[in-house]
Amino acid sequence: VQDTGGSSAVSKCSAAARGYIQDRFLRLLAGRRRRRAPLIHRGYYIRARAVDHCVQDFLLKTQSLARTQILSLGAGFDSLYFRLKDMGLLHHTVVYEVDFPNVACQKATLIKGIKELSALVGDTGGEGLGAITFSGDDYKLLGVDLSELSELERTLEEAGLNNEIPTLFIAEVVLTYMENTRSDALIQWAAEHFPRACFLLYEQVHPEDPFGRVMQQHFRQLNTALHSLAQYPDCKAQQRRFLGKGWTECSVMDMNEFFTCCIPEDEQQRVQTLEPFDEYEEWHLKCSHYFVLAASKGMEPSWTPLSPSVAVPGPVGMAGSVSAAVCARLSGIPGLRRYGHHSVLIKPNVILTMGGFGEEDGQHCRVRNFHVLSKHAGHWEAVCVAQNIPDKRWGERLYHTVSCLSDTLALVVGGRTSPSSTGLGMLWLKFPKTCDASGPDDVAVELVSLQPAAEAAALRWRHSTTEITFKGEQYLFVYGGRSALEPVLGDWHFLHAPELSYTAIAVEGPVPESRHSHSACSWEGGVLIAGGLGAAEQPLGSVFLLRELEHGFQWQTIETHPPLVPRYSHTAHVHEGKLLLVGGVWFHAPSVPGVTVIDLMTGLCLNYGINVEHLEWPLMLHNHSSVFLPNEKELLVIGGGGNCFSFGTHLNPEPVLLSLSSILTSH
C-alpha cells in the first residue's frame, strides 16, 4: 500500500512535466522520474483536477472565516500544501498530513533537505516529537496508521487540530485499502467529532464489469486489494454510506461526468491536444471506474462543489439477454488475441482477419500475420497465413477497414501505426478462390497507387468504408475517422470500384456531425451510420441513412425510440430490416453495451445484455471485430480489449459466438 503513493507521485510528476498540471513541487517530492504514457497522464490529470476543484472551492467558500484546516489522510508524497502555500491560499488555514510513520519520516527528511520546500514551510523546530515528524506554523506532518483511530485522534490533538473550526478531510485513493469496518469508523468519527466539516473522497468503483474485473485483479496482484468495492460497488452506494454515517449532504460524480460538467471547454481542448492520443476507450473506461465525492455537515452556506450541469445518465434498460459461448477449436490460437484489427467475410463460412495490436511470437506488438477462419462440419477452425508481401510493415496497422470486393479480392483502407503517423494508404489483398483454413494459401499484398484526388480518402483511421450502389455501379463510401492532423473528420469520398477513381456525387440533406469509431453498414444500396465519438470526445447517439436518389444521395436521420444510448467503438450488421449494434463504449456504467437491435421500419430500439456465465474471463467488447452469420443467426466476435490504464493489457483470449436467434425471431 505504501508503494502506491510513490508510484502515483511519479505519474503525477510525469503529467506535470508534459504540461497537464501546473505543479513545480512534484518533481522535488517524487524522487525518481519516469515518463509515463499519454493515457496515464490523462488519468492523473483528472484525479489532480478533481481534488483541486474541491479544495479550492472549500477555501473560497470559507475565505471570510478566521480559521480553517485541511486534514489529508494517507497524503503520501503529495504536494498539495506547497502548491496552496505558493499560490497564497493558506492565510488562515493549517494543513495536517497523515501517513504511515516511515512514509511521513521520509517526507519530513525530504522537506528538510530541499531548500525550496523548507523555505516555504518555515521550520519551527517542533518535529521529531513522537508521531509528529515535521511541524511548521501552517503545516504538520504526522506518522500514524489511519486504521488506529484512537492513536490518530491523540496525535492530531497533540499537533493542535481544532475540532471546532471548519475542516476539510481529503482521502485520495486511501480508504479503499483499509478494511471496511475501519474506513467506515473513520468516516463516522470525522462526522461526529467535527460540527462543521467537509469530506473529499476519490477512489475506484464498478468492480464487476469487464474493466472492473481487470482493475481488481491488478490490485490483488500488487497485494493492495480494494476493500470498499464489494460493499460500495457504485456511486449511489458510496453516497448512502456517507449519509448513513452522519454527513448531511453528499454529491458524487464519476470522472466522465466530472470532465464534462466541471472542466471548462477550453481547458478540455487544451488537455486533449497536449500529446498524440488514440486510447479513447481506455480513457473513458478508466473515468467511469473512478469517482469524486463531496460530503459536508454544518457548513453555512452549504458546500456543494459537484453540481452537474447536464442530466446524469441513468441505468440502461435491458429487454433481455443473449448468451455468449467460446468457440472450442479457436481457443489455442494466440494470433486471434488482438484489438484494433478488422475481420471480413470473404465468402460463406470463410473469414479473413488482419492487423491490430496483440500477441505474435510470444510478445505484444502490431500483428503482421493474417488469419483465415473457416467452418468445417459445424466447427470453426483458424490458420495463420503468411503475407506474400514486398514490405512486411505494410500489414502492420490498427483501426483500418477491409472491404471484400470479390471472392478473390479485398481492399484495405487507411489505419495507423502510431497516433502521430500520417495514415497508411490502401492495400489490395489477393487470395485464391480455394482460400480457407484447411490449406493455407498465401495472401498476396499489393500497394494501391491512387490518383491524387483519392489519396485523402486513405490517410485516416477509425473511419468506415462501405459498399454502395449508384445507378447500378459499385462504389466504396469512405466516411469520417480521424488523422494525425484532425482529431475528428466529417468528410466522405466515393471511390468507383474496382479501379478506385474518385467520383464526385451530389449529397443533400442534414450533414452528420464529424465522428470516428462509428459503425457503417450497407443497406438497400445506401449506408447506415450509427454512433461514434464526436468532436468534444463525447459519444454520439445519432443514426443516419445515406440513401440513393435519382441524381445522387441524401442524408436522412433515423429517429429511434427510446433514443439510442450514445456509444462508439462498436460493430454493426444489418439483418432483415434490423440494425444490430454490438458492444462499444458508453457512459452508463456499470452496465456495458451488449447487442442493441434497431427496427429500421419502426425505429424501435432495444438493448440486450450479454450473458457471460459460460466464459471464465472478462469479455471486453470494444476494439473487437464481428461477423454476422445469417443462417445460424449467430455473431462471431473476434478479438477485442485494450490497454486498461495502468492495470495491464487485456486481450479477449478467444473468439466468442453470440446466439441471436431468440432476439431475431420475427415478432
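Conventions adopted
Residues numbered from 1 in each chain as written. Predicted model: local features only at pLDDT ≥ 70, side-chain atom pairs only at ≥ 80, totals over all residues. Heavy atoms only, no water. Helix = DSSP H or I, 4+ residues; strand = E, 2+ residues; numbered from the N terminus. Rg over C-alpha atoms; globule rule 2.2 N^0.38 Å. Buried < 20%, exposed > 50% of the residue type's maximum accessible area, 1.4 Å probe, protein only. Contact = heavy atoms within 4.5 Å. Areas by Shrake-Rupley, 256 points an atom, 1.4 Å probe, with all protein chains shown as cover. Lys, Arg positive; Asp, Glu negative; His and termini not counted. Charge placed at Lys NZ, Arg CZ, Asp CG, Glu CD. Pairing = 2+ DSSP bridges. Axes fitted to C-alpha atoms, helices over the stretch in contact; angles between N-to-C directions. Parallel < 35°, antiparallel > 145°, perpendicular 65-115°, else oblique. Left-handed = near helix turned anticlockwise from the far one by under 90°. Nonpolar A, V, L, I, M, F, W, Y, C, P; charged D, E, K, R; others polar. Domains from an automatic or database assignment. Buried area = accessible area lost by both parts, 1.4 Å probe. Salt bridge = Lys/Arg side-chain N within 4 Å of Asp/Glu carboxyl O. Core = buried A, V, L, I, M, F, W, Y, C linked by side-chain atoms within 4.5 Å. Polar contact = N/O pair within 3.5 Å; in protein donor to acceptor, adjacent residues only side chain to side chain. Arc of directions from axis to C-beta.

**Q** What should I look at first to understand the overall build of the protein chain in this one?
**A** When helices and strands are tallied, the protein chain shows 16 helices and 39 strands. The C-alpha radius of gyration computed for the protein chain amounts to 28 Å, which stays within 12% of the reference 26 Å derived for 667 residues, consistent with globular compactness. For the protein chain, the residues scored as buried account for 59% of the 667 residues in total. Contacts in the protein chain between residues at least 24 apart in sequence constitute 66% of all its contacts with a sequence separation of at least 6. For the protein chain, the exposed surface amounts to about 25,600 Å²; the carbon and sulfur share of it is 50%. On the protein chain, the mean spot of the 54 positive side-chain charges and the mean spot of the 71 negative ones are 4 Å from each other.

**Q** Can you help me understand the pairing of strand 24 (residues 492-496) in this one?
**A** Note on strand geometry: in a regular strand, side chains alternate between the two faces of the sheet. Counting buried positions along strand 24 yields four of five residues, so the element is predominantly enclosed. Note that strand 23 (residues 473-479) and strand 24 share five bridges and pair antiparallel. If you follow Tyr479 over to strand 24, its bridge partner there is Trp492. Judged from the three bridges that link them, strand 24 and strand 25 (residues 501-503) form a sheet pairing that is antiparallel. Looking across to strand 25, one finds that Phe494 is bridged to Thr503. Remark: four residues form the turn of the hairpin made by strand 24 and strand 25, two consecutive strands paired antiparallel; Leu500 in that turn has positive phi of roughly 65°.

**Q** What's the story with the packing of helix 3 (residues 38-61) against helix 13 (residues 265-272) in this structure? I'm lost.
**A** Two numbers describe a pair of packed helices, the interaxial angle and the distance between the axes. One can describe the packing of helix 3 onto helix 13 by two numbers: an axis separation of 11 Å at closest approach and a directional angle of 150°. The orientation of helix 3 relative to helix 13 falls into the category roughly antiparallel. Of the two possible hands of crossing, helix 3 and helix 13 adopt the one that is right-handed. In contact with Arg42, Tyr45 and Arg49 of helix 3, helix 13 contributes Glu267, Arg270, Val271 and Gln272. In terms of residue class, the contact of helix 3 with helix 13 is made up of two nonpolar, one polar and four charged.

**Q** What exactly am I supposed to notice about the domain arrangement of the protein chain here?
**A** The extent of an interface is frequently quoted as the accessible surface area lost upon association of the parts. Its domain assignment divides the protein chain into domain 1 (52-296) and domain 2 (318-659). For domain 1 versus domain 2, the distance between C-alpha centres works out to 43 Å. Carbon and sulfur atoms supply 60% of the area buried between domain 1 and domain 2, which totals about 2,700 Å² over both sides. Contact with domain 2 buries area across many residues of domain 1, yet Asp278, Tyr280 and Glu281 alone supply 24% of it, more than any other trio. Glu281 is the salt-bridge partner of Arg462, the closest N and O atoms lying 2.8 Å from each other.

**Q** Could you clarify how one ought to interpret the nonpolar core in this entry?
**A** Grouped burial of nonpolar side chains is what soluble globular proteins tend to show. Among the nonpolar cores identified, the biggest contains 81 residues, and Ile46, Val55, Phe258 and Val292 are the most heavily contacted of them. Looking at this core, the element that brings in the most residues is helix 3, giving 12 residues. Two domains each put at least three residues into this core: domain 1 (52-296) and domain 2 (318-659). Those residues within four positions of Val55 in sequence are excluded, and the remaining contacts are Ile70, Leu80, Leu84, Leu168, Ile170 and Leu200. Within the second largest apolar cluster, 36 residues are counted, among which are Leu142, Val174, Leu186 and Val252.

**Q** Looking at this model, I keep getting lost on the sheet that holds strand 1 (residues 68-73). Mind explaining?
**A** Two modes of strand pairing occur in sheets, parallel and antiparallel, and in both the strands are linked by backbone hydrogen bonds. Pairing is mixed across the open sheet formed by eight strands, whose spatial order is 3-4-2-1-5-6-8-7. Among the strands making up the open sheet, the edge pair consists of strand 3 (132-135) and strand 7 (249-254). Strand-to-strand twist in this sheet, taken as the mean axis angle between neighbours without regard to direction, amounts to 15°. Where helix 7 (residues 149-159) meets the sheet, it contacts strand 1, strand 2 (93-99), strand 3 and strand 4 (139-143), and its direction lies at approximately 150° from that of strand 4. Where helix 14 (residues 280-288) meets the sheet, its contacts fall on strand 6 (197-204), strand 7 and strand 8 (290-297), and the angle it forms with strand 8 comes to roughly 30°.

**Q** How should the sheet that holds strand 29 (residues 543-548) be read in this particular structure?
**A** Here five strands make up an open sheet; going across it, the order is 26-30-29-28-27 and the pairing mixed. Edge strands, defined here as strands with exactly one partner in the open sheet, are strand 26 (506-508) and strand 27 (519-523). Across the sheet, the axes of successive neighbouring strands diverge by a mean angle of 20°, strand direction being ignored. In this sheet, strand 30 (residues 552-557) lies alongside strand 29 in antiparallel orientation, the contact comprising five bridges. By the bridge assignment, Leu545 is partnered in strand 30 with Gln556.

**Q** What is the right way to read helix 12 (residues 255-262) from this model?
**A** Every α-helical turn comprises 3.6 residues, leaving residues that sit three or four positions apart pointing alike. Counting buried positions over the eight residues of helix 12 gives seven, a clear majority of the element. The set of residues buried in helix 12 consists of Met255, Asn256, Glu257, Phe258, Phe259, Cys261 and Cys262. Buried positions along helix 12 lie against helix 3, strand 6, strand 7, helix 13, helix 14 and strand 8. Residue Asp254 occupies the N-cap position of helix 12, its side-chain oxygen lying 3.0 Å from the main-chain nitrogen of Asn256.

**Q** Where do I start with unusual backbone geometry in this structure?
**A** Only a minority of non-glycine residues have a phi that is not negative, and only a minority of peptide bonds are not trans. The omega angle of the peptide bond from Ala497 to Pro498 is 0°, so this bond is cis rather than trans. Following the sequence through the fold, Pro498 ends up in the loop between strand 24 and strand 25. Backbone torsion omega between Ala589 and Pro590 reads 5°, so that peptide bond is classified as cis. With respect to the secondary-structure elements, Pro590 resides in the loop between strand 32 (578-582) and strand 33 (595-599). Here Asn349, not a glycine, exhibits a phi torsion of approximately 65°, which is positive. Its place among the elements puts Asn349 in the loop between strand 11 (342-347) and strand 12 (350-354).

**Q** How should I be thinking about helix 7 in this particular structure?
**A** All of the buried residues in helix 7 are Leu152, Thr155, Leu156 and Ala159. The buried residues of helix 7 occupy an angular sector of 100° when projected down its axis, which confines them to one face. Exposed residues on helix 7 whose side chains face more than 90 degrees from its buried face are Ser150 and Glu157. Where helix 7 is buried, its residues contact strand 1, strand 2, strand 3, strand 4 and helix 8 (180-193). Immediately beyond the C-terminal end of helix 7, within one or two residues, lies Gly160, with a positive phi of roughly 100°.

**Q** So what exactly am I meant to see when it comes to the environment of Asp137 here?
**A** Relative to the helices and strands, Asp137 resides in the loop between strand 3 and strand 4. Note: C-alpha distance between Asp137 and Val95 (42 residues apart in sequence) is 9.4 Å.

**Q** I tried to follow the pairing of strand 30 on my own but got confused; where do I start?
**A** Relative to strand 30, strand 26 runs parallel, the two being bridged by three bridges. Opposite Val507, over in strand 30, you have Phe553 as the bridge partner. As consecutive antiparallel partners, strand 29 and strand 30 are separated by three residues.

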